[in-house]
Amino acid sequence: MVTTTLSDIELAHKMANAAGKVITPHFRTEIEYDNKDTAAGFDPVSEADRAAERTMRDIVDQFRHKDGFCGEEFADKVGSSGRVWVVDPIDGTRGFMCGTPTWGTLIALRSKSERVCLGLIDQPYIGERFWGTDGQAYFQNRNSKKKIFTSRILDLSAAKLFSTFPEIGRTHDRSGFKAVAHKVQLVRFGMDCYAYALLAAGYIELIIEAGLRPYDINAPIGLIEAAGGIVTNWSGQNAVNGGQVLAAANQSLHLAALDLLKDYAD
């Protein structure tokens, strides 16, 4: 145990720095991948995923030993503080495997009340980091740091909509996605967690996905809400547990998309 004056956001940066040092040497190399989901399809994982999560777990154990920990690769740790660090060491391992720099490390802190109070998305290969807490969000690269805000576009017909997979979720999930997709200006796929960073930074307005896990969405929730956006499930409720997720740049777009999705909500 270490007594420290590190703030939560400073600790999140420390975790991201450590994970990046573990992950980047493996990117665009001949690293081996295992398939975690042989029954349902292809869900790759590598030693880079596992090693980065172990590194972040060790840091939380060292500096916040009373906090819980939820990650993609290992069993959850139940803490005594009521707070939980929720991480995905490499969100977008398929992209990582293909050499695209759209993957990232996700770090979130969830409070006792199930509210995400901090969210960080790090892309260490290109040196970009996005984070938000206490109603303020930031972007930093190797040259500068600036505050970021979500888009002010209010009309659905002018919005840009992203999702990771064209074959989003189940049949009724795809139907819900298409209901919104037909109304927007532009639809794009395949950006993994980087799309959520783009939404927080004001470049796109909507993300619709299904079948997410807590470690997929907690960090984007913290980041986007701090930048002025809204993230809920398709019923308009808290999305910390994943499932069907709608992220919007502002309330107007959120309500318009939610109205089209509500008939397809679980």
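This is a predicted model, so every value here is computed, not measured. (Residues numbered from 1 in each chain as written. Predicted model: local features only at pLDDT ≥ 70, side-chain atom pairs only at ≥ 80, totals over all residues. Heavy atoms only, no water.)

K.L.:
Which residues make up the overall build of the chain, and what values go with them?
P.N.:
Per the secondary structure count, the chain includes seven helices and 14 strands. Here the C-alpha atoms of the chain give a radius of gyration of 18 Å, agreeing with the 18 Å that 2.2 N^0.38 yields for 266 residues. In terms of its C-alpha atoms, the chain occupies a principal-axis envelope of roughly 50 × 40 × 40 Å. Counting only residues that meet the buried cut, the chain has 54% of its 266 residues in that class. Here the analysis covers contacts within the chain between residues at least 6 apart in sequence; of these, 59% occur between residues at least 24 apart. Averaging the coordinates of the 29 positive side-chain charges in the chain and doing the same for the 33 negative ones gives two points 5 Å apart. (Helix = DSSP H or I, 4+ residues; strand = E, 2+ residues; numbered from the N terminus. Rg over C-alpha atoms; globule rule 2.2 N^0.38 Å. Buried < 20%, exposed > 50% of the residue type's maximum accessible area, 1.4 Å probe, protein only. Contact = heavy atoms within 4.5 Å. Lys, Arg positive; Asp, Glu negative; His and termini not counted. Charge placed at Lys NZ, Arg CZ, Asp CG, Glu CD.)

K.L.:
Lay out the packing of aromatic side chains with the relevant residues and their values.
P.N.:
All told, the structure shown has eight aromatic pairs when counted by the stated rule. A ring pair is formed by Phe130 and Tyr194, whose centres lie 6.1 Å apart and whose planes are at 85°; its orientation type is edge-to-face. Taken as a pair, Phe130 in strand β7 (residues 128-133) and Tyr194 in helix α5 (residues 194-200) lie far apart in primary sequence, 64 residues in all. By relative accessible area, Tyr194 is classed as buried at 15%. An aromatic cluster of three or more residues is present, and its members are Phe27, Phe96, Trp103 and Tyr125. Geometry around Tyr138 places Lys145 over its ring, the cationic atom sitting 4.9 Å from the centre. (Phe/Tyr/Trp six-rings, centres within 6.5 Å; stacked < 30°, edge-to-face > 60°. Lys NZ or Arg CZ within 6 Å of the ring centre and 35° of its normal.)

K.L.:
Outline the environment of Leu206, listing residues and values.
P.N.:
Checked against the element boundaries, Leu206 lands in strand β12 (residues 206-212). For the pair formed by Leu206 and Ala16, sequence separation is 190 residues and the distance between their alpha carbons is 26 Å.

K.L.:
So, the packing of helix α1 (residues 8-23) against helix α2 (residues 47-63): which residues are in play, and what are the values?
P.N.:
Where α1 meets α2, the axes come as close as 9 Å, and the angle between the chain directions of the two elements is 150°. As far as their axial angle goes, α2 and α1 are roughly antiparallel. For the crossing formed where α1 meets α2, the hand is right-handed. The segment α1 lies against α2, with Leu11, Lys14, Met15, Ala18, Ala19, Val22 and Ile23 engaging Ala48, Ala51, Ala52, Thr55, Met56, Ile59, Val60 and Phe63. Looking at the contact of α1 with α2, its residues break down into 13 nonpolar, one polar and one charged. (Axes fitted to C-alpha atoms, helices over the stretch in contact; angles between N-to-C directions. Parallel < 35°, antiparallel > 145°, perpendicular 65-115°, else oblique. Left-handed = near helix turned anticlockwise from the far one by under 90°. Nonpolar A, V, L, I, M, F, W, Y, C, P; charged D, E, K, R; others polar.)

K.L.:
Break down the pairing of strand β6 (residues 116-123) for me, citing the residues and quoting the values.
P.N.:
If a strand is regular, its side chains alternate between the two faces of the sheet. For β6, the buried fraction is high: eight of the eight residues fall into the buried class. Relative to β6, strand β5 (residues 104-110) is paired through six bridges, and the arrangement is antiparallel. The residue of β6 that forms the bridge with Arg110 is Val116. Hairpin remark: β5 followed by β6, antiparallel, with five residues in the connecting loop; positive phi at Glu114, about 70°. With six bridges joining them, β6 and β7 adopt antiparallel strand pairing. (Pairing = 2+ DSSP bridges.)

K.L.:
Break down the sheet that holds strand β14 (residues 243-248) for me, with residues and values.
P.N.:
Within a sheet, each strand pairs with its neighbour through backbone hydrogen bonds, oriented either parallel or antiparallel. Read across the open sheet, the five strands follow the order β11-β10-β12-β14-β13; overall the sheet is mixed. Two strands in the sheet have a free side with no partner beyond their single neighbour: β11 (186-189) and β13 (230-232). Across this sheet, the average inter-strand angle for adjacent strands is 15°, counted without regard to direction. Looking at chain direction, strand β10 (residues 160-163) and β12 are connected through two bridges and run parallel. Pairing of Leu161 across the sheet is with Leu206, part of β12. The sheet strands contacting helix α4 (residues 171-181) are β10, β11, β12 and β14, and the helix crosses β10 at an angle near 160°. Here helix α6 (residues 214-226) sits on the sheet and contacts β12, β13 and β14; the angle it forms with β13, its principal contact strand, is near 155°.

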